[in-house]
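Results of the structural survey
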Amino acid sequence: MSTTTTDVPSHGGHGEHEHNPYHQHHFTTMEQQFDTSKLGMWLFIVTEILLFGGLFVGFGLMQHRYPREFIEAHEHLKQLIGGHPFPLYGAVNTIVLLVSSWTMVMGVNAAQTNQKDKTVRYLVITILLACVFLVIKYVEYSHKFHDGLLPGKFYSHQAEDLIKGTYGYHTFFSFYFMMTGLHGIHVLVGIVLLSWLAMRARRGDFTSAYYTPVDLVGLYWHVVDMIWIYLFPLYYLIS
Amino acid sequence: MEPAVTSGARIGDRPRPKKNYLNETKGIWSWMTTVDHKRIGIMYLVGTLVAFLLGGIFALLVRLTLLTPQHTMFGMQVTAETYNRFFTLHGAIMVFLFIIPSIPGSLTNFVLPLMLGAKDVAFPRLNLASFYLWIVGAIMAIASMIIGAVDTGWTFYTPYSTTTSGTVTLMTAAVFVLGFSSIFTGLNFIATVHKLRAPGMGWFDMPLFVWGMYSTAVIQVLATPVLGITLVLLMLERVFQIGIFDSRIGGDPVLFQHFFWFYSHPAVYIMILPGMAIISELIPTFSRKTIFGYRAIAYASVSLALVSFIVWGHHMFVAGQSQLATVVFSALTFLVAIPSGVKVFNWLTTMYQGNISLESPMLYAIAFLMLFAIGGLTGIFLGTLSTDIHLTDTYFVVAHFHYVMMGSTVTAFVGGLYYWWPKMTGRMYNEKWGQVTAVLWFIGFNATFLPQFILGSRGMPRRYYNYLDQFQPLHAFSTVGSWIIGLSLFMTAAVLLASLRKPADAPDNPWGGTTMEWQTSSPPITHNFEDQPVLEHEPYDYRPKAVTH
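Just so it is clear, the model here is predicted, and its values are computed rather than measured.

Okay, the overall build of chain A next. Looking only at helices and strands, chain A has 6 helices and 2 strands in total. Listing every helix and strand of chain A by position from the N terminus yields α-α-β-β-α-α-α-α. A principal-axis box enclosing the C-alpha atoms of chain A has dimensions of 75 × 35 × 25 Å. Buried residues in chain A amount to 37% of all 239 residues. Residue pairs in contact within chain A that sit at least 24 positions apart in sequence constitute 70% of those at least 6 positions apart.

A word on the overall build of chain B. Looking only at helices and strands, chain B has 16 helices and 2 strands in total. With respect to the principal axes defined by its C-alpha atoms, chain B has extents near 70 × 45 × 45 Å. The proportion of buried residues among the 549 residues of chain B is 57%. Residue pairs at least 24 apart in sequence account for 84% of intrachain contacts in chain B once pairs closer than 6 positions are excluded.

On to the packing of helix 2 (residues 37-65) of chain B against helix 16 (residues 472-499) of chain B, then. All names here are of chain B. Contact geometry for helix 2 and helix 16: axes closest at 9 Å, N-to-C directions at 160°. It follows that helix 2 is roughly antiparallel to helix 16 by the angle criterion. When the axes of helix 2 and helix 16 are compared, the crossing they make is left-handed. Here helix 2 contributes Gly-56, Ala-59, Leu-60, Arg-63 and Leu-64 to the contact with helix 16, which in turn contributes Ser-478, Thr-479, Ser-482, Gly-486 and Leu-489. The residue inventory of the contact of helix 2 with helix 16, partitioned by class, reads 4 nonpolar, 5 polar and 1 charged.

Further remarks concern the environment of A:Leu128. Residues and elements named next belong to chain A. One can find Leu-128 in helix 4 (residues 116-147). Using a count of 15 C-beta atoms within 10 Å as the deciding quantity, one classes Leu-128 as partly exposed. Distance from Leu-128 to Ser-100, taken between C-alpha atoms, is 8.7 Å for residues 28 residues apart in sequence.

Next up on the list: unusual backbone geometry. Residue and element names in this part refer to chain B. In this structure, the amide linkage connecting Thr-158 to the following residue, Pro-159, adopts the cis form with an omega of 0°. Looking at the secondary structure, you find Pro-159 in the loop between helix 4 (124-147) and helix 5 (160-163). Omega for the peptide link from Ser-522 to Pro-523 comes to -10°, which places this bond in the cis form. With respect to the element layout, Pro-523 can be found in the segment after helix 16.

Taken together, the contact pairs 28 residues of chain B with 28 residues of chain A. Looking at the side of chain B that touches chain A element by element, the count peaks at 10 residues for helix 7 (residues 208-240) of chain B. Broken down by class, the residue content of the side of chain B that touches chain A amounts to 19 nonpolar, 6 polar and 3 charged.

Glancing now at the packing of helix 3 (residues 88-112) of chain A against helix 6 (residues 212-236) of chain A. Residues and elements named next belong to chain A. At a minimum axis separation of 10 Å, helix 3 and helix 6 run at an interaxial angle of 165°. With respect to each other, helix 3 and helix 6 are oriented roughly antiparallel. The handedness of the crossing between helix 3 and helix 6 is left-handed. Of the residues in helix 6, those touching helix 3 at Gly-90, Thr-94, Leu-97, Leu-98, Ser-100, Ser-101, Met-104, Gly-107, Val-108 and Ala-111 are Val-214, Asp-215, Gly-218, Trp-221, His-222, Asp-225, Trp-228, Phe-232 and Tyr-236.

In this section: helix 3 of chain A. Residue and element names in this part refer to chain A. With 25 residues, helix 3 extends 37 Å from end C-alpha to end C-alpha; this agrees with the ideal 36 Å at 1.5 Å per step. At its buried positions, helix 3 is contacted by helix 4, helix 5 (169-203) and helix 6. Phi turns positive, to about 60°, at Asn-114, one or two residues after helix 3.

Turning our eyes to something else, we now look at helix 4 of chain B. Residues and elements named next belong to chain B. With 24 residues, helix 4 ought to run about 34 Å at 1.5 Å a step, and its terminal C-alpha atoms sit 35 Å apart, in line with that. Taken residue by residue, helix 4 has Pro-124, Asn-127, Leu-128, Ser-130, Phe-131, Leu-133, Trp-134, Gly-137, Ala-138, Ala-141, Ser-144 and Met-145 as its buried positions. Structurally, helix 4 contributes buried residues whose contacts are with helix 2, helix 3 (80-115) and helix 6 (168-195).

Another point: the nonpolar core. Counting 218 residues, the largest nonpolar core has B:Ile190 and B:Val210 as its most contacted members. Filtering out sequence-adjacent residues up to four positions away, B:Val210 remains in contact with B:Leu112, B:Met115, B:Leu116 and B:Val193.

All names here are of chain B. Put simply, chain B has an average pLDDT of 92, and 97% of its residues get 70 or more. Residue range residues 1-11 is modelled with pLDDT below 50. Its contacts to residues more than four positions away, or to other chains, number 21 contacts. The complex model carries a pTM of 0.92, and its ipTM stands at 0.90.

Here we take up the environment of B:Leu468. All names here are of chain B. Take Leu-468: it is sitting in the loop between helix 15 (431-457) and helix 16. The exposed category is assigned to Leu-468, around which 10 C-beta atoms lie within 10 Å. Between the alpha carbons of Leu-468 and Pro-69 there is a distance of 6.7 Å; along the sequence they are 399 residues apart.

This paragraph deals with the environment of B:Leu89. All names here are of chain B. On the secondary structure map, Leu-89 appears in helix 3. With 30 residues separating them along the chain, Leu-89 and Ala-59 place their C-alpha atoms 8.8 Å apart. Other than its neighbours up to four places away in sequence, Leu-89 contacts Phe-58 and Met-145.

How each quantity is defined
- Residues numbered from 1 in each chain as written.
- Chains lettered and ligands numbered in written order.
- Predicted model: local features only at pLDDT ≥ 70, side-chain atom pairs only at ≥ 80, totals over all residues.
- Helix = DSSP H or I, 4+ residues; strand = E, 2+ residues; numbered from the N terminus.
- Buried ≥ 20, exposed ≤ 12 C-beta atoms within 10 Å, placed from the backbone.
- Contact = placed C-beta atoms within 7 Å.
- Axes fitted to C-alpha atoms, helices over the stretch in contact; angles between N-to-C directions.
- Parallel < 35°, antiparallel > 145°, perpendicular 65-115°, else oblique.
- Left-handed = near helix turned anticlockwise from the far one by under 90°.
- Nonpolar A, V, L, I, M, F, W, Y, C, P; charged D, E, K, R; others polar.
- Expected span 1.5 Å × (residues − 1).
- Core = buried A, V, L, I, M, F, W, Y, C linked by C-beta atoms within 7 Å.
- pLDDT = per-residue confidence, 0-100.

Here is the structure:
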């Protein structure tokens, strides 16, 4: 029925004699179960993208409404490096997440090929990178809080360039905190999921016959990464 | 073809298995932790029907207030605020707690895996999670009424919703949670339809009910996240004044309407497609005839789902949209009539020269055809720019969407409930009284809502708690009609519940249906089928020799 799963090891469900403990009763084969789980995850990812999509559209419309204000406001996301403004936090975080996506891929691959220790190791590195991302985000948020660059009614920036009460400035920071905040929540959820995976991997739950959770959380993690890839230019690189 | 067996005899059936999904395990805990789609379906049915009762009570209160032009109900004073709360609670409960989750959560949860010959839905635990999210959302919604009040209407339009003092934030949070319940249900059905069909069952061997629910599920998954984020934005606007919808701080109130209807127009099809899905089962079964234009109906379901995403602007013809946009949205709206018409004509052609028997489900199906025709055609009036400007925000609109949401979807829901009741409970209800409820329902519905078309075209605005004296006869007529509707629904409850008092007597296939849910026992065993059913004939195959079980 399905021909899309070339990476599934062939001995998963064929051996009728050995029953896989993770095989749920309403699926005929482990392949069917894996395919179904993966389809479900993709559908969930679609809903995630649409959820963020609403915010992207909102940002786009507000940027269209206040183009000058948005560009002026975004300068505050940059730091002076050798006298030039450079989006230091954003750029470093982009690299951190990209590397974590790579370690995630390596983790999934290790699980598929029965390498238990390697799976655990890569999952732990991914978790650490996710934590680095959040720490950098925390530092970045602290600076904004200190400068009064806050969303909505909390906006209290005192410097002359972004005058309080001017339409657009507080809207920019509203969207900035909403979108990076929602993304941050997803990173946090990712850390919880990855920790759960690492524990199960240490227990030896995952084999080439059953590694569905690793694969699905991997997909989720790549989506979290990909959303950041869009957020970074949207906020830090507009001109 | 055998006539339908409505007596207690189990003609030609296997002996009834002792254990079924209802008595396999016992105790409240076994229900609360169940992952059986049939039990979850029953729990959803009970939950959504309680919501229906609650929303119905508010509807009766609204109609009672409108009985006279005075601001009174039984001599008690009704303030504008109270009236606003009545219609908001009626609308919000009916839409978010009843119509959207009812058919997918209850009947579909029960029937869809059976129709596919599957043991369960793809993700049984997610299915249970969806039900509990519904419970949480329902509690939040009801709490928002008890703690404070919501008076925005179910659409939560800005700027009113960002400035009114009511508990709008809690209510929108409730709807956000209910949205995820709906997404999980839809996601589950899509995966089930893709991956768990019986051996040999291709896409065009599926019952049309499954096609309808598949299309519904696609909308649930694609549209609901946008509503979710819209409501989050609305909550944040109220709490933090983020400056997106409130024009005092640089926002755009019309943007909310765009965001809201981008979900909520497709949501209207989340409401009507399940109704059509049920009708596609009832008509061939009670006409004893293969459905006419199977593929056309299947494609019509999918195309309705797709078209639903590009017509949202017709809710905003007078909200300051550009003229070009209104013309484009008006033209696109007419597209909806094509797949809808295809379906109605195919159902009628199925009935033509069929061997029609008028059991209760079929009476409801016929009522659906008439009510949906009126509801659908008046939609064309409203999609036409020149007439819409006259009819915007009048009772014409109220009557139109009640004909579609209630006259069509609820009619189909009740018909489907009668149809699958023997399968779900193992009991036959009293057929004669069931037929009486159908007739009362049809009379009561038209008595309530036909006058509202006239009221609207004469200028009676919606959401007003009083009116000019000249409108009183029609309003009074409508209010009396609402009592007949209430009577019919209470009788339906009595007819169905009365059947539970007697021992199981329903045959496996009381109506002579050809889809797979009728191949298992009534009520089904926990794992649905003794043996994996295999597709032997196309759905709705009523040629004599093919039905030999």
